[in-house]
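Spelled out, the chains give:
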Amino acid sequence: MRNSSYDYRILVVDDENDVSEFLSYNLEREGNSVATASDGLEAVAVTTRWKPHLIIMDIMMPVMDGIEACSEIRASEGPSGPLICFLTARGEDYSQIAGFEAGGDDYIVKPVRPKVLLQRVKALLKRYYPSRVPEGGVDSGLTVGGIILDREKYTVSVEGRDHVIPRKEFELLALLMSKPGKVFTREEIYSKVWGLDVVVGERTIDVHIRKLRERIGDRYIQTLKGVGYKFREVT
């Protein structure tokens, strides 16, 4: 899991000391720097000071729960802030949806084997931090119809109005805009936006599509029932 340019900073947030110690031990063995917090309020403070690459966070905690802490971190750090992965015993659909709506990037249900957890963590980090300087640079943006997408700033301009888009919604929109008119199946979207190593709930795409439409309007993203979604070039 060690990156060739730098070690990852990972914040573990859990009110059970044995869980924090277990996770910290396994993550540090992989070459990461690990900090811990025992509740959501402390997690927000540590994030502001330490700037982790990834936060692994429980949901049910005293003082401030994980959902609220995630919302606070997203509000203060913006879409380019840390990855947030919920690790919790709560596996209900509504809990997963609440986690993703708050800005979570992944959701893992306890109990989970250490090797599986480390693989999920590795997949997340590799996806978002492949290197300090990507080979050949990156395409800085996309312009389709009335929408301009800026990859460096994580902003989307819709008919002259700028919007800051959370990471997963941004990636989903970028994928759809990359080929206007093409129908992307749900399987393609899961693979390209979440990755093959990440398991997400059935309604995850629906939640992100709904939130995107709330931001950019209903007319740009078309649903093909039972198939998938496509971006409509509106002039």
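Computed from a prediction, not measured in an experiment: that's the story for all the values here.

Enquirer: Where do I start with the pairing of strand S12 (residues 228-231) in this structure?
Expert: Remember that side chains alternate between the two faces of the sheet whenever the strand is regular. One ladder, built from 2 bridges, connects strand S10 (residues 184-185) with S12; its direction is antiparallel. Within the sheet, the bridge partner assigned to Phe-184 lies in S12 and is Tyr-229. Judged from the 4 bridges that link them, strand S11 (residues 221-224) and S12 form a sheet pairing that is antiparallel. Residue Leu-224 lies in a different strand from S12, and its bridge partner there is Gly-228.

Enquirer: Would you take a moment to explain the packing of helix H6 (residues 167-178) against helix H7 (residues 186-194) for this structure?
Expert: For any two helices packed against each other, one specifies the crossing angle of their axes together with the interaxial distance. Relative orientation of the contacting elements H6 and H7 amounts to 125°, with a least axis distance of 10 Å. Classified by the interaxial angle, the pair formed by H6 and H7 is oblique. When you trace H6 past H7, the crossing you get is right-handed. On H7, the residues touching Lys-168, Glu-171, Leu-172 and Leu-175 of H6 are Ile-189, Lys-192, Val-193 and Trp-194. In the contact of H6 with H7, the residues fall into 5 nonpolar, no polar and 3 charged.

Enquirer: Would you explain the packing of aromatic side chains in this entry?
Expert: By convention here, two paired aromatic rings are described through the distance between centres and the angle between planes. Within this structure, the stated rule accounts for 3 aromatic pairs. Taken together, a centroid distance of 5.9 Å and an interplanar angle of 20° make the contact between Tyr-220 and Phe-231 stacked. Pair noted here: Tyr-220 is in the loop between helix H8 (204-216) and S11 and Phe-231 is in strand S12, with a separation of 11 residues, a long-range link. Comparing Tyr-220 with Phe-231, the two get one shared label, buried. The lysine or arginine in question, Lys-182, covers the ring of Phe-184, its NZ or CZ lying 4.9 Å from the ring centre.

Enquirer: Looking at this structure, how should I read the environment of Val-207?
Expert: With respect to the element layout, Val-207 can be found in helix H8. On the accessibility criterion, Val-207 (3% relative accessible area) is buried. Taking the C-alpha atoms as reference points, Val-207 and Glu-169, 38 residues apart in sequence, are found 9.6 Å from one another.

Enquirer: What should I look at first to understand the pattern of salt bridges in this one?
Expert: Once the charged atoms of two side chains with opposite charge are near each other, the side chains can pair. One pass over the structure, following the stated rule, counts 10 salt bridges. A salt bridge links Arg-210 to Glu-214; the shortest N-O distance between them is 3.2 Å. Here Arg-210 and its partner Glu-214 are both found in helix H8, 4 residues apart, which amounts to about one turn of the helix. When its relative accessible area of 38% is taken as the criterion, Arg-210 is described as partly exposed. Since its relative accessible area comes to 57%, Glu-214 is described here as exposed. Each of Arg-74, Asp-105 and Arg-167 takes part in a single network of salt bridges with overlapping partners.

Enquirer: Help me understand the sheet that holds strand S5 (residues 106-109), please; the structure alone is not making it clear to me.
Expert: Each strand in a sheet pairs with its neighbour through backbone hydrogen bonds, running either in the same direction (parallel) or in the opposite one (antiparallel). Read across the open sheet, the 5 strands follow the order S2-S1-S3-S4-S5; overall the sheet is parallel. Every other strand in the sheet has two partners, leaving strand S2 (33-37) and S5 as the edge strands with one partner each. In this sheet, neighbouring strand axes are inclined to one another by 20° on average, regardless of whether the strands run parallel or antiparallel. Sheet topology note: the strand S1 (residues 9-13)/strand S3 (residues 54-57) ladder contains 4 bridges and is parallel. Looking across to S3, one finds that Val-13 is bridged to Met-57. Here helix H3 (residues 66-77) sits on the sheet and contacts S3 and strand S4 (83-88); the angle it forms with S4, its principal contact strand, is near 180°. Against the sheet, helix H4 (residues 93-101) engages S4 and S5, with an angle of about 150° to S5.

Each value, and the rule that gives it
Residues numbered from 1 in each chain as written. Predicted model: local features only at pLDDT ≥ 70, side-chain atom pairs only at ≥ 80, totals over all residues. Heavy atoms only, no water. Pairing = 2+ DSSP bridges. Helix = DSSP H or I, 4+ residues; strand = E, 2+ residues; numbered from the N terminus. Axes fitted to C-alpha atoms, helices over the stretch in contact; angles between N-to-C directions. Parallel < 35°, antiparallel > 145°, perpendicular 65-115°, else oblique. Left-handed = near helix turned anticlockwise from the far one by under 90°. Contact = heavy atoms within 4.5 Å. Nonpolar A, V, L, I, M, F, W, Y, C, P; charged D, E, K, R; others polar. Phe/Tyr/Trp six-rings, centres within 6.5 Å; stacked < 30°, edge-to-face > 60°. Buried < 20%, exposed > 50% of the residue type's maximum accessible area, 1.4 Å probe, protein only. Lys NZ or Arg CZ within 6 Å of the ring centre and 35° of its normal. Salt bridge = Lys/Arg side-chain N within 4 Å of Asp/Glu carboxyl O.

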